[in-house]
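Residue strings, one per chain:
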Protein chains: 2
Amino acid sequence: MTSRNDAVPQTPLRADARRNVEALVEGARTVFARDGVDAHVKDIALEAGVGVATLYRHFPKRTDLVLAVLQHDVDECVETAQELAAAHTPMDALTLWLDRYCAFVLTKHGLAAALQSGEATFAGLGAQLLERLEPTLDELLQGARVTGAMEGGASAMDLLRAVAHLCTPGPAHIDYTRRMITLLLTGLRQDPAT
Amino acid sequence: MTSRNDAVPQTPLRADARRNVEALVEGARTVFARDGVDAHVKDIALEAGVGVATLYRHFPKRTDLVLAVLQHDVDECVETAQELAAAHTPMDALTLWLDRYCAFVLTKHGLAAALQSGEATFAGLGAQLLERLEPTLDELLQGARVTGAMEGGASAMDLLRAVAHLCTPGPAHIDYTRRMITLLLTGLRQDPAT
DNA sequence: TCGCCAAACGGAATCTGATTCCATATAGTA
DNA sequence: TACTATATGGAATCAGATTCCGTTTGGCGA
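Residues numbered from 1 in each chain as written. Chains lettered and ligands numbered in written order. Predicted model: local features only at pLDDT ≥ 70, side-chain atom pairs only at ≥ 80, totals over all residues. Heavy atoms only, no water.

A. Spatial organisation of the protein's contact with DNA strand C. Around DNA strand C there are 22 residues in total, and A:R14, A:N20, A:A53, A:T54 and B:Y56 lie nearest to it. Taking all atoms of DNA strand C within 4 Å of the protein, the share assigned to sugar and phosphate is 63%. Side-chain polar atom of A:R14 to a base nitrogen of DNA strand C: 2.6 Å apart, as the coordinates give it. One nitrogen or oxygen atom from the main chain of B:A15 is found 3.1 Å from a phosphate oxygen belonging to DNA strand C. Only α1 (15-35) and α3 (52-58) of chain A together with α1 (15-35) and α3 (52-58) of chain B provide two or more residues apiece to the surface near DNA strand C. Considering every element that reaches the surface near DNA strand C, the biggest residue donor is α3(A), with five residues. Among the residues making up the surface near DNA strand C, the classes are represented as ten nonpolar, six polar and six charged. (Near = heavy atom within 4 Å. Polar contact = N/O pair within 3.5 Å; in protein donor to acceptor, adjacent residues only side chain to side chain. Helix = DSSP H or I, 4+ residues; strand = E, 2+ residues; numbered from the N terminus. Nonpolar A, V, L, I, M, F, W, Y, C, P; charged D, E, K, R; others polar.)

B. View of the confidence of the model for chain A. Taken over all residues, the pLDDT of chain A has a mean of 84, while the share at 70 or more is 82%. Segment residues 1-6 of chain A: pLDDT under 50, and five contacts once partners within four positions in sequence are set aside and those in other chains are kept. (pLDDT = per-residue confidence, 0-100. Contact = heavy atoms within 4.5 Å.)

C. Fine view of helix α2 (residues 41-48) of chain A. Residues and elements named next belong to chain A. I44, A45 and A48 are the residues of α2 that are buried. On an axial view of α2, the arc spanned by its buried residues comes to 100°, and they lie on one face. The exposed set on the far side of α2, more than 90 degrees from its buried face, consists of K42 and L46. Against the buried residues of α2 lie α1, α3 and α4 (62-87). (Buried < 20%, exposed > 50% of the residue type's maximum accessible area, 1.4 Å probe, protein only. Arc of directions from axis to C-beta.)

D. Up close: the packing of aromatic side chains. Scanning the model with the defined rule gives four aromatic pairs over all chains in all. For the pair A:Y101 and A:F104, a centre-to-centre distance of 6.4 Å together with 35° between the ring planes defines the contact as tilted. One end of the pair is A:Y101 and the other is A:F104, both in helix α5 (residues 90-107) and three residues apart, which spans about a single turn. When the ring of B:W97 is compared with that of B:Y101, the centres are 5.4 Å apart and the planes differ by 5°; the resulting orientation is stacked. Taken as a pair, B:W97 and B:Y101 lie in helix α5 (residues 90-107) at a separation of four residues, close to a single helical turn. (Phe/Tyr/Trp six-rings, centres within 6.5 Å; stacked < 30°, edge-to-face > 60°.)

E. Quick look at the UniProt feature "DNA-binding region" (unreviewed entry) in chain A. Within this numbering scheme, the UniProt entry marks residues 40-59 of chain A as carrying the feature "DNA-binding region" (unreviewed entry). End C-alpha to end C-alpha, residues 40-59 of chain A measures 14 Å, and it is 75% helix and 0% strand. (UniProt positions renumbered as here; feature names shortened; annotations may be inferred.)

F. How the structure looks around the protein's contact with DNA strand D. Taken together, 22 residues lie near DNA strand D, and A:Y56, B:R14, B:N20, B:T54 and B:R57 sit nearest. A:A15 places a polar main-chain atom, nitrogen or oxygen, 2.8 Å from a phosphate oxygen of DNA strand D. Here a phosphate oxygen of DNA strand D and a side-chain polar atom of B:T54 are 2.4 Å apart. Secondary-structure elements contributing two or more residues to the surface near DNA strand D are α1 and α3 of chain A together with α1 and α3 of chain B. In terms of residues, the surface near DNA strand D owes the most to one element, α3(B), which gives five residues. Here the residues of the surface near DNA strand D are counted per class, giving ten nonpolar, six polar and six charged.

G. Region of the structure containing the state of the cysteines. All names here are of chain B. The full count for this structure, using the stated rule, is zero disulfides over all chains. You can see C167 has no disulfide; the closest cysteine sulfur is in C102, sitting 3.7 Å from it. Since its relative accessible area comes to 3%, C167 is described here as buried. (Disulfide = S-S within 2.5 Å.)

H. View of the packing of helix α8 (residues 156-166) of chain A against helix α9 (residues 174-189) of chain A. Residue and element names in this part refer to chain A. Relative to each other, α8 and α9 sit at 155°, their axes nearing to 9 Å. Taken together, the axes of α8 and α9 are roughly antiparallel relative to one another. Judged by the twist between their axes, the crossing of α8 over α9 is right-handed. Of α9, the residues touching α8 (which contributes L159, A162, V163 and L166) are Y176, T177, M180, I181, L184 and L188. Its residues assigned to classes, the contact of α8 with α9 comprises nine nonpolar, one polar and no charged. (Axes fitted to C-alpha atoms, helices over the stretch in contact; angles between N-to-C directions. Parallel < 35°, antiparallel > 145°, perpendicular 65-115°, else oblique. Left-handed = near helix turned anticlockwise from the far one by under 90°.)

Quick look at the structure:
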């Protein structure tokens, strides 16, 4: 899986710079987890032990930083899908994976908010992550469709967005989120009477 | 319908104050529609032709202003429900009303974002509006259930929230929103085979 | 190993917008 | 008409984000 965003910069980063980028991503992960994505820039720089200018040098826009933090988790999500697909019926794998994805979104409380609200951001931050996840979910959906367990034709992208949106109220409202996801799945399944 | 938030202040507002409050709500409506709920406070004051201090005097928190602007539209939404219930089958009324509600949320682009993201806001701004709408939707749901057109037991509040959440990407993505709402309804209906 | 210099750094300076303060103006009453 | 509590507008203050600039340092060539 080499489709990562590892575009090599014109001039390769100096060792200290590389170290700082690393520290910033880690620091951001910590601070985002604590304060949400709207955390103060200064706090992140502090946590990483660098000046704010350094932060801005490497991550001109906040979303760049959010993106970097998430990349790793997204990769994990993709791997999970493959494992689930191997160990369960397609429909179960799908259900389980959505639950996993939901947990992922919730962990980063506020991420959902960042992914949404406003065309610009949606296209920016959202697109990159969702596009990475899309083939994964699509495969699970295809699998479920083949077994006839599912009728509905919602696209993978639709589902990814919907779940993310339904996660917005945050971890405290996970019950609500679960109920709604179940409802969506029911709709997808068009369960032929129960 | 006298359940409005018309708590009379200890000292009744002076005439000029009342006029300014009016102007502020109107100004806010205009500016929110143009710039979204994150519009600059100064712009709103300018549009209303008053100083910022006046704005703060009457609406200490931004949400107070948002709330005031929305109150009227929410009332309209409630009335629409009653009309629809009278003119259609319960299930149709429900579907149509949700579409109306969805349009309402979309009109105020950014409203959804305000309603969400973060427990605090959810409880604050969200609660008041949703609670006003809740009995309305609940009645429609009851109606649909009685006719046997619907099995699912999702609560009115759940649905109100879900639709609002699914509206977050904004008016430009209304197709997505509609698809997802349809899916939810399908889930609710648990259509006994098609 | 040493010295050079482009890359990188940190923190101060600046900018932007929100919030508060206060001297002035006015509605409502006697 | 005069008086006073209520309101007002814009200036002052504050918070946080973003940029600037003099200093430091990694990595390379001699």
